[in-house]
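Coordinate analysis (summary)
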Amino acid sequence: MPATVLSMAEHAHQVPDKYGDVTAIYHPRMNSYGRRLMAAFPPILLAAGIIAFILYKRPLLPFMMILLLILVGTFFAVYSFLKPAIVVRTNTHILRGKMFGWQAVPLANIEHTVFAERLTPKKVVKQEEQGAKFISKGVPAMWAINDKRKRILRLDGRIWDAKNLRTIASDIAPQTTVYPKINVTQMAKVWPGLVTFNELHPGWRSALIAVVTAIVILAIALGFLVPDDVLRQYHLIP
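Below, the structure is looked at part by part. (Residues numbered from 1 in each chain as written. Predicted model: local features only at pLDDT ≥ 70, side-chain atom pairs only at ≥ 80, totals over all residues. Heavy atoms only, no water.)

On to the pairing of strand E6 (residues 112-120). Taken across its nine residues, E6 has seven buried, putting it largely inside the fold. Pairing of E6 with strand E7 (residues 139-145) involves six bridges; the strand directions are antiparallel. Looking at the pairing, Ala116 lines up with Ala141 of E7. Sheet analysis places E6 next to strand E9 (residues 176-179), joined by four bridges and oriented parallel. For Phe115, the partnering residue across the bridge sits in E9 and is Val178. (Buried < 20%, exposed > 50% of the residue type's maximum accessible area, 1.4 Å probe, protein only. Helix = DSSP H or I, 4+ residues; strand = E, 2+ residues; numbered from the N terminus. Pairing = 2+ DSSP bridges.)

In this section: a nonpolar patch on the surface. Together, Ile51, Leu55 and Phe75 make up an exposed nonpolar region whose accessible area comes to about 290 Å². Turning to its location among the elements, Ile51 is positioned in helix H1 (residues 33-57). Ile51 sits in the partly exposed class, given a relative accessible area of 34%. (Patch = residues over 30% accessible without salt bridge, like charges linked within 9 Å, V, L, I, M, F, W, Y side chains within 5 Å. Areas by Shrake-Rupley, 256 points an atom, 1.4 Å probe, with all protein chains shown as cover. Salt bridge = Lys/Arg side-chain N within 4 Å of Asp/Glu carboxyl O.)

Of all hydrophobic cores here, the largest spans 21 residues; its most connected members are Ile94, Ile110, Met142, Trp160, Ile168 and Ile172. Among the secondary structure elements, those contributing two or more residues to this core are strand E2 (22-26), E7, strand E8 (151-155) and helix H4 (162-172). Counting residues per element, this core draws most heavily on H4, which supplies four residues. When sequence neighbours within four positions are dropped, the list of residues in contact with Ile172 reads Arg89, Ile94, Leu107, Ile110, Thr113, Met142 and Ala144. Listed in part, the 13 residues of the second largest apolar core include Ala116, Leu119, Val184 and Leu194. (Core = buried A, V, L, I, M, F, W, Y, C linked by side-chain atoms within 4.5 Å. Contact = heavy atoms within 4.5 Å.)

On to the pattern of salt bridges, then. All told, the structure shown has three salt bridges when counted by the stated rule. The partner of Asp156 in a salt bridge is Arg158, and the shortest N-O contact between them spans 2.8 Å. Under the relative-accessibility criterion, Asp156 is labelled partly exposed at 26%.

As a further point, take H1. For H1, spanning 25 residues, the distance from its first C-alpha to its last is 35 Å, which sits close to the expected 36 Å at 1.5 Å a residue. Phe41 marks the point of greatest bend in H1, at about 40 degrees, and the proline Pro42 comes within the next four residues. By the burial criterion, the buried members of H1 are Arg36, Ala40, Pro43, Leu46, Ala47, Ile50, Phe53, Ile54 and Lys57. Arg58, located one to two residues past H1, shows a positive phi value of around 50 degrees. (Expected span 1.5 Å × (residues − 1). Bend = angle between axes of the 7 residues up to and from the residue.)

Now for the packing of aromatic side chains. For the structure shown, the criterion picks out two aromatic pairs. Note on Phe53 and Phe63: the rings are 5.8 Å apart at their centroids and 80 degrees apart in plane angle, and the pair reads as edge-to-face. Taken together, the positions of Phe53 in helix H1 and Phe63 in helix H2 (residues 61-82) put the pair ten residues apart, joining distant regions of the chain. The positively charged end of Arg149 is found above the aromatic ring belonging to Trp191, 4.1 Å away from the centroid. (Phe/Tyr/Trp six-rings, centres within 6.5 Å; stacked < 30°, edge-to-face > 60°. Lys NZ or Arg CZ within 6 Å of the ring centre and 35° of its normal.)

Look at Arg58: it is not a glycine, yet its phi comes out positive at around 50 degrees. Overall, Arg58 belongs to the exposed group, its relative accessible area being 57%. Even without being a glycine, Arg149 presents a positive backbone phi close to 65 degrees. Examined against the element boundaries, Arg149 turns out to sit in the loop between E7 and E8.

The following block contains the structure:
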């Protein structure tokens, strides 16, 4: 099982000494930041709305605490997408920088790597059958697996670019299986356990996120539109 070391994990010099000297450092290319900014845009928009409401309406402490908790959550979400991404290789391990700490996987445990230049979502199958003009291109993905065909490392294509993922896949394993394009359902059949439940069943998560986001945004919008006397009646502002 991969070990996790709790420390900052944004630079190679922060790798714990017990993993040995760093022999290779990998960072996403600049062209991957477009996907990262798009992924971070919804929480950025939500955070801006909350900050504007706090500054304009100055809510009472109980309501303020709820808004601040939501705000902290949005900051963590934005940071998870925009933080400096790094993968480091030593003579014995491959280490991936997490939000806090490193995920360290012994190279000896990696039997094989699987690389998809374009891992497309489940909906693409229906889009292609219907001849849709706009079809999701998907994102790259890379997995390291052990001798039992179990996933022990994955790098997220929303953050990493295909060129770097291909390089990492080749550097850390003696054999790499490459798919120029593959759907998540196809990948799940060929390599069970590599794609996540959310990727195979994206509808419930998307719906939940949309509903929660809509409720929060609607509440903030109403906070701006509703007269202050009404907000005072419900003890939301002084």
